[in-house]
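# Fold and geometry: a report
So you can see what is in the structure, the chains are spelled out below.
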Amino acid sequence: MSYTFAIIGRPNVGKSTLFNRLVGQKLALVDDTPGVTRDRREGEARLGDLRFTIIDTAGLDEGPKGSLTARMQQQTETAIELADALFFVIDARAGLTPNDRAFADFARRANKPVILLANKSEGKQGEIGAMESYALGLGDPVMISAEHGEGMGELYDAVRELLPEPPEEDEEPEALGELTDEEIAKRPIRVAIVGRPNAGKSTTINHLLGEERLLTSPEAGTTRDSIAVEVVYRRRRFKIFDTAGLRRRSRVEEKLEKLSVADALRAVRFAEVVVLMLDSQTKFEEQDLRIADLIEREGRALVIAVNKWDLVERQPGQIGALRTEADHWLPQVKGVPIVAMSGLMGEGIERLMKAIEEAYAIWNRRIPTAALNRWFEQAVQTNPPPAVSGRRLKLNYITQTKARPPSFVVFCSRADAVPESYLRYLINSLRSGFDLPGTPVRITLREKANPFAHKRKRPS
C-alpha cells in the first residue's frame, strides 16, 4: 500500500505549488489569493525513484462552526487522518506567524511524523525565515522553493528516511493504444460532471461516495479545482471529475474564476463521458446549450442529468416531454440520454450510472464494414445527393476509421460540393440505423483518386 503524505499549513504558503511539483503536472489551481484550495486533492507523487501518494489540502484556518471555512478545515483534518506523515509548510519569506505556531501544535497532536518545509527559501530573506522555523520544535527545516524546484534533493533524503522500505522500480504503464479491448474494458470510465454554478454536481458525487468528500454550499462557486474521485458502482469502476460551475464568458471577470473555468474545460477534454447537469427549475438555458455544444465539438459521449427533480411537482408524461425538449434544443446530439434525478435525495442515481455506461458503450462502438455499406447504399438510394451546378454528386462507399467517437469517411467524386444538409441527413440516418443516440458522430468526405489524372491531354 502506498505511503501517504498530507501537505498542511496556513493559506498561501505554496502547498498547491508543491503538490504540482511532486505530481509533475499542474493539477491544482495556484494563485496569489489566499484560500484557493478548498477540497482535498490526491495525486501520485514522484521524487527521484521514490513513489508515494500526496494529498493537497485547504489552508488551516479557523472559522465559525458550520461555515465554509470550518468545513474546509474538516477536510484538512480528514486528510491528516488518512495520511501516514505530514509535510508542514511555512512561508520562509514571511517568517513565522502566530498561525504557524498554532498549527504546529495541531500537527504535533496528530501524532504522525512531520517534515517541516520552509518554502520560498531562495535568497537571504528566505534563509532568515527558515532559521526562525526552528522555534516550532518540529525538527530541522528542509529549505525548498516549490516554484523553482530548489531543495528537492534534501526533500528526497527526508522522505526516504520515512518510507518503510526502499520502493521497487515500477514498470511504465502500457500506452492505451497497446492495450487489448478486454484490458480497456477493465479501466475506469472517466466521467466529468459539468454545468452552471449550483446545479448540484458536488452533492451528487457525495451521494455516490456515501460521504461528504466534496464541499457543498448554497452559495454558487464553492468548487474551484476539478477534483477526481474513484467510484465503484455495481462492480464497475468510474473516475469522476467534479468541476467548477461554468458561467457565461461575459460574466467571468475574476482571474481565479477564469482559472477554475479553464480547469473544468480541461476535465471535459480528458473525459470519456460528460454529464451535463441542469437545474430542474431553470433547465435548457442558453449557457446549458453552449456547454452541450462544447461537449459535442470535443467529441465526448454526453448524458444530460436534470437535477433537483424532488422540487418538481410530478405530472404524467414529464420524462417524455424532457426528451422531446432535449431533441429540440440539441439536434446535434439527437437521442441524448436524459435522466431526472435528485443528488441530495439519491433519486435517479442508479439510472444516471446506467446511462453513463450505455453512453460509453455507444461511444466505443465499431460497425462492421459490410453492414455499414448496406446501410449506406440504401440511404443514398432513398435520398440521393442533390445535383450541384447541373452535375450529379456520386457517393461511392463508406468506412469507419475509428471509434471514441464513431468516425467515418465517405469516398465521393466532389467532396467540396456536398451540402451540409446532406451530411446531417447521413448522420441522423446513421444514428437511427445503428442505434447511436446522443453520441457525437463524425463524417469526413474524401475524394477518390482519379486514375487518369496523371495523363496529359493531347494537344488539339
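Everything below is about the structure printed above this text.
This section reports on the structure supplied with the text. (Residues numbered from 1 in each chain as written. Predicted model: local features only at pLDDT ≥ 70, side-chain atom pairs only at ≥ 80, totals over all residues. Heavy atoms only, no water.)

### Description of the sheet that holds strand S7 (residues 189–195)
Test applied: The pairing criterion for strands is at least two bridges between them, as found by DSSP. A helix here means a DSSP run of H or I that spans at least four residues, while a strand means a run of E at least two residues long, and both kinds are numbered starting from the N terminus. To get an axis, a line is fitted to the C-alpha atoms, and for a helix only the part in contact is used. The angle between two axes follows their N-to-C directions and goes from 0 to 180 degrees. The contact rule is simple, with two residues in contact once any of their heavy atoms fall within 4.5 Å.
Ordered by their spatial adjacency, 6 strands build an open sheet running S8-S9-S7-S10-S11-S12, and the pairing between neighbours is mixed. Strands with a single pairing partner mark the edges of an open sheet, and in this sheet they are strand S8 (227–233) and strand S12 (338–340). Here the strands of the sheet are splayed against their neighbours by 25° on average, with no regard to which way each runs. Note: strand S10 (residues 273–279) against strand S11 (residues 301–307), 7 bridges, orientation parallel. Within S11, the position partnered with Asp279 by the bridge is Asn307. Across the sheet, helix H10 (residues 318–329) touches S11 and S12, and the angle it forms with S12 is around 140°. Each of S7, S8, strand S9 (236–242), S10, S11 and S12 is contacted by helix H11 (residues 349–363), which is oriented at about 165° to S11, the strand it contacts most.

### Things to note about the pairing of strand S4 (residues 85–91)
Put simply, the rule reads: Any residue under 20% of the maximum accessible area for its type is buried, any over 50% is exposed, and the rest in between are partly exposed; the area is computed with a 1.4 Å probe on protein chains only. The handedness rule is simple: strands pointing away from the viewer, and a clockwise path from the first strand over the helix to the second, make the crossover right-handed.
Counted residue by residue, S4 has 7 buried out of 7 residues, so it is predominantly covered. Covered by surrounding structure in S4 are Ala85, Phe87, Val89 and Asp91 together with Leu86, Phe88 and Ile90, the residues of both alternating faces. Relative to S4, strand S1 (residues 4–8) runs parallel, the two sharing 4 bridges. Residue pairing in the sheet places Ile7 in a bridge with Phe87 of S4. In this structure, S4 lies alongside strand S5 (residues 114–119), joined through 6 bridges in parallel fashion. Paired with Asp91 across the two strands is Asn119, which belongs to S5. What joins S4 to S5 is helix H3 (residues 98–109), and the crossover it makes is right-handed.

### Points about the environment of Ala415
Here Ala415 shows up in the loop between strand S14 (407–412) and helix H13 (420–434). For Ala415, a relative accessible area of 18% corresponds to the buried category. Residues Ala415 and Thr444 lie 29 residues apart in sequence; the distance between their C-alpha atoms is 9.0 Å. In this structure Ala415 touches Leu445, Arg446 and Glu447, once residues within four positions along its chain are discounted.

### Points about the side chain of Asn119
Applicable threshold: Whenever two N or O atoms come within 3.5 Å, that pair is a polar contact, provided that in protein one can donate a hydrogen and the other can accept it, and provided that, for residues adjacent in sequence, both atoms are side-chain atoms.
Among the secondary structure elements, Asn119 is positioned in strand S5. Asn119 gets classed as buried once you look at its relative accessible area, which sits at 3%. At 2.9 Å, the side chain of Asn119 forms a polar contact with the backbone oxygen of Val13. Excluding its chain neighbours within four sequence positions, the residues that come into contact with Asn119 are Val13, Gly14, Val89, Ile90, Asp91, Ala92, Arg93, Ile144, Ser145 and Ala146.

### Some remarks on the packing of aromatic side chains
Note the threshold: Any Phe, Tyr or Trp ring, taking Trp's six-membered ring, that has another such ring centre within 6.5 Å forms a pair; planes under 30 degrees apart are called stacked, those over 60 apart edge-to-face, and the others tilted.
If you walk through the whole model with that rule in mind, you get 8 aromatic pairs. Measuring from ring centre to ring centre gives 4.8 Å for Tyr397 and Phe411, while their planes differ by 25°; the resulting arrangement is stacked. One end of the pair, Tyr397, is in strand S13 (residues 395–402); the other, Phe411, is in strand S14, with 14 residues separating them in the sequence. Tyr397 gets classed as partly exposed once you look at its relative accessible area, which sits at 35%. Classification of Phe411 as buried rests on a relative accessible area of 15%. One aromatic cluster is present, built from ring pairs that chain together Tyr3, Phe5, Phe52 and Phe87.

### Let's talk about the pairing of strand S3 (residues 50–56)
Across the 7 residues of S3, 6 count as buried, placing the element largely inside the fold. In terms of strand pairing, S1 meets S3 through 4 bridges, oriented parallel. Along S3, the bridge assignment pairs Phe5 with Ile54. Relative to S3, strand S2 (residues 41–47) runs antiparallel, the two being bridged by 7 bridges. In the strand pairing of S3, Glu44 is matched with Thr53. Linkage of S2 to S3, two consecutive antiparallel strands, is achieved through a turn of 2 residues, within which Gly48 is found at a positive phi near 65°.

### Focus on the side chain of Glu296
Looking at where Glu296 falls in the secondary structure, it is placed in helix H9 (residues 286–297). The exposure class assigned to Glu296 is buried, which follows from its relative accessible area of 13%. When sequence neighbours within four positions are dropped, the list of residues in contact with Glu296 reads Gln332, Val333, Pro440 and Arg442.

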